[in-house]
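Summary of the model geometry
Take a look at the letters that make up each chain.
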Amino acid sequence: MDWKEVLRRRLATPNTRPNKKKSEQELKDEEMDLFTKYYSEWKGGRKNTNEFYKTIPRFYYRLPAEDEVLLQKLREESRAVFLQRKSRELLDNEELQAVFHSKSLR
């Protein structure tokens, strides 16, 4: 339902309780309920329009908290394995010297 139509209906219907006024808290509660309802409808409607968003991979993982010991150990171990793999890809001193001497001989 369009919000314009809701507003028109609301203004067109006479107030059923003219002498009983709502408190400020009741008005705020009603406003929050309506906002939550319409926002969830709007968000749900936009969410289903494009299926492409479901295929985007997750690229950020939060850091483990101090009390999550297992996750911290897993992170440390995976970092160590990653650094070992990268260090194996680097040239060692002998390989660097060979590259340097082959370039200087040209």
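So, here is what we can say about the structure in this document. Predicted model, so just to flag it, every value in this text is computed and none were measured.

For the rest of this paragraph, the subject is the overall build of the chain. When helices and strands are tallied, the chain shows 4 helices and 0 strands. Helices (α) and strands (β) of the chain occur, in sequence order from the N terminus, as α-α-α-α. Split by element, the accessible area of the chain, about 11,200 Å² in all, is 58% carbon and sulfur.

The subject of this paragraph is the packing of aromatic side chains. Following the criterion strictly, the structure yields 2 aromatic pairs and no others. A ring pair is formed by Phe35 and Tyr39, whose centres lie 5.8 Å apart and whose planes are at 15°; its orientation type is stacked. Here the residue Phe35 and the residue Tyr39 both occupy positions in helix α2 (residues 24–47), the gap between them amounting to 4 residues, near one helical turn. Residue Phe35 is classed as exposed on the basis of its relative accessible area, which comes to 51%. Residues Tyr39 and Trp42 carry aromatic rings whose centres are separated by 5.8 Å and whose planes lie at 40° to one another, so their mutual orientation is tilted. Of this pair, Tyr39 and Trp42 both sit in helix α2, separated by 3 residues, roughly a single helical turn.

A side chain with one charge may pair with a side chain of the opposite charge, provided their charged atoms come close. Using the criterion set out here, one finds 5 salt bridges in the structure. In this structure, Glu24 and Lys28 form a salt bridge, with 3.7 Å as the shortest nitrogen-oxygen distance. Here Glu24 and its partner Lys28 are both found in helix α2, 4 residues apart, which amounts to about one turn of the helix. One salt bridge connects Glu89 with Lys86, and the closest N-O pair in it is separated by 3.6 Å.

The grouping of Met32, Phe35, Tyr39 and Trp42 at the surface amounts to a nonpolar patch, some 470 Å² of accessible area in total. According to the relative accessible area criterion, Trp42 is partly exposed, its value standing at 47%.

Relative to the helices and strands, Leu74 resides in helix α3 (residues 69–89). Measuring from C-alpha to C-alpha, the distance between Leu74 and Pro64 comes to 9.7 Å, with 10 residues separating the pair along the chain.

Thresholds, definitions, all that
- Residues numbered from 1 in each chain as written.
- Predicted model: local features only at pLDDT ≥ 70, side-chain atom pairs only at ≥ 80, totals over all residues.
- Heavy atoms only, no water.
- Helix = DSSP H or I, 4+ residues; strand = E, 2+ residues; numbered from the N terminus.
- Areas by Shrake-Rupley, 256 points an atom, 1.4 Å probe, with all protein chains shown as cover.
- Phe/Tyr/Trp six-rings, centres within 6.5 Å; stacked < 30°, edge-to-face > 60°.
- Buried < 20%, exposed > 50% of the residue type's maximum accessible area, 1.4 Å probe, protein only.
- Salt bridge = Lys/Arg side-chain N within 4 Å of Asp/Glu carboxyl O.
- Patch = residues over 30% accessible without salt bridge, like charges linked within 9 Å, V, L, I, M, F, W, Y side chains within 5 Å.

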